[in-house]
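# Residue-level structure breakdown
Read off the chains here:
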Amino acid sequence: MGPAHTVDGDEYAFLLREAMVGELQELGVLGRDRIADAFRSVPRHTFLPEKSLEEAYAADSSVVTKRDENGIAISSISAARMQAVMLRQLQIESGDRVLEIGSGGYNAALISAMAGPEGKVTTVDIDPEVVERARNGLTAAGHPHVDVVLGDADHGVADNAPYDRIIVTAGAWDIPPAWIDQLTEGGRLVVPLRMRGLTRSIAFERDAQRLVSREYALCGFVPMQGAEAHQERLVLLDGDEVGLRIDSDEHRDATSLREALFSTRTEHWSGVEVGGYEPVDDLALWLGTTAPGFCLLAAQQAPIDRGLVPRGARLGIPTATTEDSLAYRASRPATGDNRFELGVYAHGPQAESLAKQYTELIRLWDREQRGGPGAHFELYPAHTPDESLPEEPKRVIDKRHTRLVISWP
């Protein structure tokens, strides 16, 4: 009997890479196409030398590569599942010129593999350490021709423009003019865009100075740094353990809302049931575009354990507010396995009316939007007058550079 075969590091990495691709295909985010070929060809572990091979090839786990002095993640390599989703949205063709905003190296290598030798890939990041890491990884992975640029992506990278595709791999609150100006007519921009505290990866196409959405997906990313950084405000309601995350300049009376939270709770139940494998993230987006004074109720574990707020507050619960009252989404077990009825908890002097309004929004979503095509987004320059915006019912969110129009077909 001959010696037992042992698997060396390169072979083991290859096997894990194949397993990752298979898992992504089972998750339904990857087909048997050029994107899958790119995932097979690029050694992800090369960009994560400090991680084990098993960690590097986990299909649904992002990997933080840098934290700030407070321990907050400021740079990461996204989960392979999310990268597959966004690359599908991007629709790269062989020979495309592509700009990546926010660099980790691995995603740029995937893009380079898809664009091919006739394509041109540029990746830009504001952090010198991240840029150096990306350059080293790209060289080691066999993609040294990717142009890695150090700079604030607020200005794009004009030297290599125009681009057929632009992909943003950090959470953005707005779209600076340079990103639109450097995109070809009909070109695609894929960006994790934050709207009223909710982030979606939106695939836009350029139509003159307007961007029009083609599809979107739920996502989460480390926030943009530099000139385009935009922090949410936090209105504290119970020490530093419970607060309202607010993504606008709208005023909130912290004292009145703090008193409201500790007042008697009103409950309303909608009769709308959810459960099983049905995705309901569009309900949060619907509430974000229709509920008054929208924000997110967030809490640490201790007040959840005390029963002050529901478990969902760990991630942020869609919340409606007035000057002295608040109402937020709740759920309770319903008929059938793993099914829940949606409802509302409300506090404050206007709790009853606010809860009724919120409950009716849930019912309206159930009647008119559930299972439908979802939201439609159009982005216009900030100076665009109201009469030049679409006429259909909509929510307009004014940002620094743009006016974001959200409608529900």
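Check the entry above for the structure.
Definitions and limits used
- Residues numbered from 1 in each chain as written.
- Predicted model: local features only at pLDDT ≥ 70, side-chain atom pairs only at ≥ 80, totals over all residues.
- Heavy atoms only, no water.
- Helix = DSSP H or I, 4+ residues; strand = E, 2+ residues; numbered from the N terminus.
- Rg over C-alpha atoms; globule rule 2.2 N^0.38 Å.
- Buried < 20%, exposed > 50% of the residue type's maximum accessible area, 1.4 Å probe, protein only.
- Areas by Shrake-Rupley, 256 points an atom, 1.4 Å probe, with all protein chains shown as cover.
- Contact = heavy atoms within 4.5 Å.
- Pairing = 2+ DSSP bridges.
- Axes fitted to C-alpha atoms, helices over the stretch in contact; angles between N-to-C directions.
- Arc of directions from axis to C-beta.
- Salt bridge = Lys/Arg side-chain N within 4 Å of Asp/Glu carboxyl O.
- Phe/Tyr/Trp six-rings, centres within 6.5 Å; stacked < 30°, edge-to-face > 60°.
- Lys NZ or Arg CZ within 6 Å of the ring centre and 35° of its normal.
- Lys, Arg positive; Asp, Glu negative; His and termini not counted.

As a further point, take the overall build of the protein. Across its full length, the protein holds 11 helices and 19 strands. Over its C-alpha trace the protein gives a radius of gyration of 23 Å, about what one expects of a compact globule, namely 22 Å for 409 residues. Split into buried and exposed, the 409 residues of the protein put 53% on the buried side. Carbon and sulfur atoms form 49% of the exposed surface of the protein, whose accessible area is close to 18,500 Å².

What follows deals with the environment of Leu87. Turning to its location among the elements, Leu87 is positioned in helix α4 (residues 80-90). Residue classification places Leu87 among the buried positions, given a relative accessible area of 1%. The spatial distance from the C-alpha of Leu87 to the C-alpha of Ile167 is 8.5 Å, given a sequence separation of 80 residues. The contacts of Leu87, once residues within four sequence positions are left out, are Ile35, Phe39, Ile92, Asn107, Leu110, Ile111 and Met114.

Strands in a sheet are paired, the pairing made by backbone hydrogen bonds, and the direction either parallel or antiparallel. Spatially, β10-β11-β13-β14-β15-β16-β12 is the arrangement adopted by the seven strands of the open sheet, whose pairing is antiparallel. Of all the strands in the sheet, just β10 (233-238) and β12 (266-275) have a single pairing partner and so form its edges. Strand-to-strand, the axes of this sheet are offset by a mean angle of 35°, without reference to chain direction. Both β12 and strand β16 (residues 339-347) contribute to a ladder of seven bridges, which runs antiparallel. Bridge pairing in β16 places Val274 opposite Phe340. Sitting on the sheet, helix α8 (residues 254-261) is in contact with β10, β11 (242-246), β15 (326-333) and β16, with an inclination near 45° to β10. Contacting β14 (317-321), β15 and β16, helix α9 (residues 281-290) crosses the sheet at an angle of about 160° to β15.

Every buried residue belonging to α8 is among Leu257, Ala260 and Leu261, and all of these are buried. The buried side chains of α8 occupy one side of the element, clustering within an arc of 95° when seen end-on. Elements in contact with the buried residues of α8: β10, β11, β15 and β16.

Our next topic: the pattern of salt bridges. Going through the model one piece at a time under the given rule, you end up with 25 salt bridges. With a shortest N-O distance of 3.6 Å, Arg188 and Glu215 are connected by a salt bridge. Separated by 27 residues along the polypeptide, Arg188 in strand β7 (residues 183-195) and Glu215 in strand β9 (residues 210-218) bring together distant segments of the chain. It is possible to trace a salt-bridge network through shared partners that takes in Arg88, Arg188, Glu205, Arg214 and Glu215.

Backbone torsion omega between Ala161 and Pro162 reads 5°, so that peptide bond is classified as cis. Positionally, Pro162 belongs in the loop between β5 (147-150) and β6 (163-168). Despite not being glycine, Gln91 shows a phi value in the positive range, around 55°. Relative to the assigned elements, Gln91 resides in the loop between α4 and β3 (97-101). With a phi close to 60°, Ala208 is a non-glycine residue in the positive phi region. Looking at where Ala208 falls in the secondary structure, it is placed in the loop between β8 (198-207) and β9. Looking at Ala208, the relative accessible area reads 41%, which means it is partly exposed.

Going through the model one piece at a time under the given rule, you end up with six aromatic pairs. Relative to Trp408, the ring of Trp286 lies with its centre 5.4 Å away and its plane at 85°, an arrangement referred to as edge-to-face. You can see Trp286 sitting in helix α9 and its partner Trp408 sitting in the segment after β19 (402-407), a full 122 residues away along the chain. Judged on exposure class, the residue Trp286 and its partner Trp408 are both buried. Taken together, the ring pairs connect Phe39, Phe47 and Tyr106 into an aromatic cluster. Between Arg265 and the ring centre of Tyr345, over which it is positioned, the NZ or CZ distance is 3.7 Å.

For the rest of this paragraph, the subject is the side chain of Asp154. Relative to the elements of secondary structure, Asp154 occurs in the loop between β5 and β6. Of the side chains with opposite charge, Arg400 lies nearest to the buried Asp154, which makes no salt bridge, at 4.9 Å. Discounting chain neighbours no more than four positions away, the residues touching Asp154 are Pro176, Ala178, Trp179, Ala227, Glu228 and His401.

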